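Commentary on secondary and tertiary structure
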Amino acid sequence: DQLQQKIVCPGVVTCLSASPNGLFLAAGVAEAIYLWEVCTGKLQSVLSRHYQDVTCLKFTDDSSHFVSGGKDNLALVWSLSSVVQLDVSHAPEPRHIMSRHSLPITDLHCGLMGAQARVATASLDQTVKVWELSSGELLLSILFDVEIMSVTFDPAEYFVFCGGSDGNIFQVSLCSQSLGREKSFQSDGEGNQVFKGHR
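In what follows, the accompanying structure is described. (Residues numbered from 1 in each chain as written. Predicted model: local features only at pLDDT ≥ 70, side-chain atom pairs only at ≥ 80, totals over all residues. Heavy atoms only, no water.)

**Some details on the packing of aromatic side chains**
Considering all chains together, one arrives at 8 aromatic pairs under this definition. Taking 5.3 Å as the distance between ring centres and 45° as the angle between the ring planes, the aromatic pair formed by Phe59 and Phe66 counts as tilted. Note on accessibility: Phe59 and Phe66 belong to one class, buried. When the centroid spacing of 5.1 Å and the interplanar angle of 40° are considered together, the rings of Phe144 and Phe170 count as tilted. A residue pair is termed long-range when its members are at least 10 positions apart, and Phe144 in the loop between strand S12 (138-143) and strand S13 (148-153) and Phe170 in strand S15 (residues 169-173) qualify at 26 residues. With a relative accessible area of 3%, Phe144 lands in the buried category. Put simply, the rings of Phe59, Phe66 and Trp78 pair up and form one aromatic cluster. (Phe/Tyr/Trp six-rings, centres within 6.5 Å; stacked < 30°, edge-to-face > 60°. Buried < 20%, exposed > 50% of the residue type's maximum accessible area, 1.4 Å probe, protein only. Helix = DSSP H or I, 4+ residues; strand = E, 2+ residues; numbered from the N terminus.)

**Quick look at the pairing of strand S1 (residues 13-18)**
Pairing of S1 with strand S2 (residues 24-29) involves 5 bridges; the strand directions are antiparallel. Considered in S2, the bridge of Ala18 is made with Leu25. Hairpin connection from S1 to S2: 5 residues lie between these consecutive antiparallel strands, with Gly22 at a positive phi of about 80°. (Pairing = 2+ DSSP bridges.)

**A closer look at the pattern of salt bridges**
Evaluation of the coordinates by the stated rule reveals 4 salt bridges. Across the pair Lys58 and Asp107 runs a salt bridge, and its minimum N-O distance is 3.3 Å. Residue Lys58 is located in strand S5 (residues 54-59), and its partner Asp107 is located in strand S9 (residues 105-110); the two are separated by 49 residues in the primary sequence. We classify Lys58 as partly exposed; its relative accessible area is 28%. In this structure, the salt-bridge partner of Arg181 is Glu137, at a minimum N-O distance of 3.6 Å. Highlighted residues: Arg181 in the loop between S15 and strand S16 (182-184) and Glu137 in the loop between strand S11 (127-132) and S12, separated in sequence by 44 residues. (Salt bridge = Lys/Arg side-chain N within 4 Å of Asp/Glu carboxyl O.)

**Regarding the sheet that holds strand S3 (residues 32-37)**
Pairing is antiparallel across the open sheet formed by 4 strands, whose spatial order is S1-S2-S3-S4. Strand pairing shows two members of the sheet lacking a second neighbour, S1 and strand S4 (43-47), which therefore form its edges. Ignoring strand direction, the axes of neighbouring strands in this sheet form an average angle of 15°. (Axes fitted to C-alpha atoms, helices over the stretch in contact; angles between N-to-C directions.)

So, in structure tokens, the structure goes:
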């Protein structure tokens, strides 16, 4: 029989994510991340490396890593194995600290390819940044005219879609020839366009 589990959290849960393999559940509670093993309900780890509330949590598709974003403008990359197989005398450290945003992170998205994935982070600083998960290196920064509230890739990762606070959705081509490390969004014929309709 399946056990009904009730896990009482010490505060308001601001974000929640289950690993794709179904083994772990991560929740942001204020500035801490709580990680449970699903089958036992056992709390595996409490991670306190954010300075303000955690706003988003996402696992990689192979469940090997997860990424947390917060109101402290930071995105942290965590290796699940280092967080779970815990030496009690050492607090786990994030694998990478991605600290190039200047205002709170509103959303993030992990692409495919597990530990080799690319990660997109959206922020109130009107930018979306694309990172390499394995190195923590910033690959691309796109500047918009509005705060960005949500972000996702298409499955082939040809485009990144960014939801603006003005109700517009921006499609940005990741394959255009003129791609420098930093760019401002402009709709053009190369796949950059705006979906309008929400007020």
